[in-house]
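Results of the structural survey
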Amino acid sequence: MSSFSKWLGAGIGFVSGGPIGAIIGFVAGSVVDAYTKEDFERDRKTFQQEYSNRPSRTQSGDFEISLLVLAAIVIKSDGKIDQRELNYVRSQFVGMYGKERANNAFKLFKGIIKKQISARQVCMQIRQHMPHASRLQLIHFLFGIAKADGHVSEVEVDEIRKIAGYLYINQYDFESIKAMFYNSTDSAYKILEIEKSASDDEVKKAYRRMAKKYHPDKLQGLGEEHLKGAQEKFQKIQSAYESIKKERGLN
């Protein structure tokens, strides 16, 4: 079995069926040399049998495939495909998974980005299988992609907001993650999901709540490669709290 088919097999856990499976099956059979739809179906059956006996939590490969599909939706949302955004996706995948695995992912990604994709259908499949902490991580990554060209457009924000809604991520969580990518006077408060008028006690309670929500341990099941993104979110929470403490003169 080729390195591509091994990689793909490891990434077709819960995504092997439904709309994501249809996308991956079509693309794998049309953009990768010597890899046919019959190959995909063979590998899907082989690895689905293996995955049917695994724990129900989301695995790294599931997250990886979901990320590729959602990234394609966001990159195309402003009507153009920016090379800087493509480079960001590639660099992030290299950093998380290594060069060989990233190369395999990008072979698939170049085909996915050419297809029309229903964000609603894809997100319905993801939310049925992926816990809340992993879905938050997806949104964080999508904002990183949108910011890769130096500017997050309103069209991109609207697309990510729509995806967040489909993933059952509430407005407070969405605004918190969004604020992590903006430098404004009230970003720290938005990150902690509180108003500027909040009392000092409310600030402290909000920090403890958010630190618990975004603690990297919640993504341990995804593997070490995804902990960096989780740590970035956690550090944003800590930085926001320190900023408010400094502003208010708190100990």
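For the structure, see preceding data.
Below, the structure is looked at part by part. Here the structure is a predicted model, which means the values were calculated and not measured. (Residues numbered from 1 in each chain as written. Predicted model: local features only at pLDDT ≥ 70, side-chain atom pairs only at ≥ 80, totals over all residues. Heavy atoms only, no water.)

1. Overview of the overall build of the protein chain
The line we're drawing: Numbering of helices and strands runs from the N terminus; a helix is a DSSP stretch of H or I covering at least four residues, while a strand is a stretch of E covering at least two. We call a residue buried when its accessible area falls under 20% of the maximum for its residue type, exposed when it is over 50%, and partly exposed in between, using a 1.4 Å probe and counting protein chains only. Contacts were defined at the residue level, with two residues in contact if any of their heavy atoms lie within 4.5 Å. For the area figures, the Shrake-Rupley method with a 1.4 Å probe applies, and any residue is considered shielded solely by the protein chains shown.
The helix and strand inventory of the protein chain stands at 13 helices and 0 strands. Each of the 251 residues in the protein chain was classed as buried or not, and the buried ones make up 52%. Partitioning the intrachain contacts of the protein chain with sequence separation of at least 6 by distance along the chain shows that 75% fall at a separation of at least 24. For the protein chain, the exposed area adds up to about 12100 Å²; of that, 48% sits on carbon and sulfur atoms.

2. Some thoughts on the packing of aromatic side chains
Within a pair of aromatic rings, the relevant descriptors are the distance that separates the centres and the angle that separates the planes. As a reminder, the rule being used: Between the rings of Phe, Tyr and Trp (Trp by its six-membered ring), a pair exists once the centres lie within 6.5 Å; its type follows the angle of the planes, with under 30 degrees stacked, over 60 edge-to-face, and the other angles tilted.
What the rule picks out here adds up to 6 aromatic pairs. Look at Phe143 and Phe181: their rings are 5.7 Å apart centre to centre, the planes differ by 20 degrees, and that puts the pair in the stacked class. Of this pair, Phe143 sits in helix H8 (residues 132-147) while Phe181 sits in the loop between helix H10 (171-179) and helix H11 (187-191), and the two are 38 residues apart along the sequence. A relative accessible area of 16% means that Phe181 is categorised as buried. Ring geometry for Tyr207 against Tyr241: centres 4.1 Å apart, planes inclined by 10 degrees, an arrangement best described as stacked.

3. A few points about the nonpolar core
Convention followed: Note on terminology: a nonpolar core comprises buried Ala, Val, Leu, Ile, Met, Phe, Trp, Tyr and Cys residues joined through side-chain atoms within 4.5 Å.
Within the largest apolar cluster, 70 residues are counted, with the highest numbers of intra-cluster contacts made by Phe93, Phe109, Ile112, Ile139 and Ile163. Ranked by the residues each element gives to this core, the list is headed by helix H4 (residues 60-76), at 11 residues. The residues touching Ile163, leaving out its near neighbours within four places in the chain, are Leu70, Ile73, Val74, Ala119, Cys123, Ile139 and Leu142.

4. A look at a positive patch on the surface
The cut-off we apply is this: What goes into a patch is any residue over 30% in relative accessible area without a salt bridge, connected to like charges within 9 Å or, for nonpolar side chains (Val, Leu, Ile, Met, Phe, Trp, Tyr), within 5 Å. When a carboxyl oxygen of Asp or Glu is within 4 Å of a side-chain nitrogen of Lys or Arg, the pair counts as a salt bridge. Positive charges come from Lys and Arg alone, negative charges from Asp and Glu alone, with His and the N- and C-terminal ends not counted. By convention, the point assigned to a charge is CZ for Arg, NZ for Lys, CD for Glu and CG for Asp.
Together, Arg90, Lys99, Lys107, Lys110 and Lys114 make up a region of like positive charge exposed at the surface. Top contributing element to the positive patch by residue count: helix H6 (residues 99-112), with 3 residues. The residue Lys110 is located in helix H6 in this model.

5. Re unusual backbone geometry
Positive phi, normally seen in glycine, also occurs at Tyr168, with a value near 60 degrees. Examined against the element boundaries, Tyr168 turns out to sit in the loop between helix H9 (154-166) and H10. Positive phi, close to 60 degrees, is recorded for Glu193, a residue that is not glycine. Along the chain, Glu193 turns up in the loop between H11 and helix H12 (200-213). Its relative accessible area of 18% is what places Glu193 among the buried residues.

6. Examining the pattern of salt bridges
Evaluation of the coordinates by the stated rule reveals 10 salt bridges. Note that Lys190 and Asp186 form a salt bridge whose closest N and O atoms lie 3.9 Å from each other. With its nearest N and O atoms 3.4 Å apart, the salt bridge here joins Glu193 to Lys213. Here Glu193, found in the loop between H11 and H12, pairs with Lys213, found in helix H12; they are 20 residues apart in sequence, far enough to count as distant. Here the salt bridges do not stand alone but share partners, grouping Asp158, Arg161 and Glu175 into one network.

7. Description of the environment of Gly150
Checked against the element boundaries, Gly150 lands in the loop between H8 and H9. Since its relative accessible area comes to 59%, Gly150 is described here as exposed. Residues Gly150 and Glu85, spaced 65 residues apart in sequence, show a C-alpha to C-alpha distance of 9.7 Å.

8. Here's the deal with H12
Where we set the bar: Multiplying one less than the number of residues by 1.5 Å gives the expected span of a helix. Within this analysis, the arc is defined by the directions that extend from the helix axis to the C-beta atoms.
Taking 1.5 Å of rise per residue, the 14 residues of H12 would be expected to cover 20 Å, and the 20 Å separating its terminal C-alpha atoms lies within 8% of that figure. Considered for burial, the residues of H12 that qualify are Val203, Ala206, Tyr207, Met210 and Ala211. Buried residues of H12 fall within an arc of 130 degrees about the axis and therefore sit on the same side. Turned more than 90 degrees off the buried face of H12, the exposed positions are Asp201, Lys205, Arg208 and Lys212. Contacts from the buried residues of H12 go to H10, H11 and helix H13 (227-248).

9. Things to note about H6
For H6, with 14 residues, the first-to-last C-alpha span of 19 Å sits near the 20 Å given by 1.5 Å per residue. Taken together, the buried positions of H6 are occupied by Ala102, Asn104, Ala105, Phe106, Leu108, Phe109, Gly111 and Ile112.

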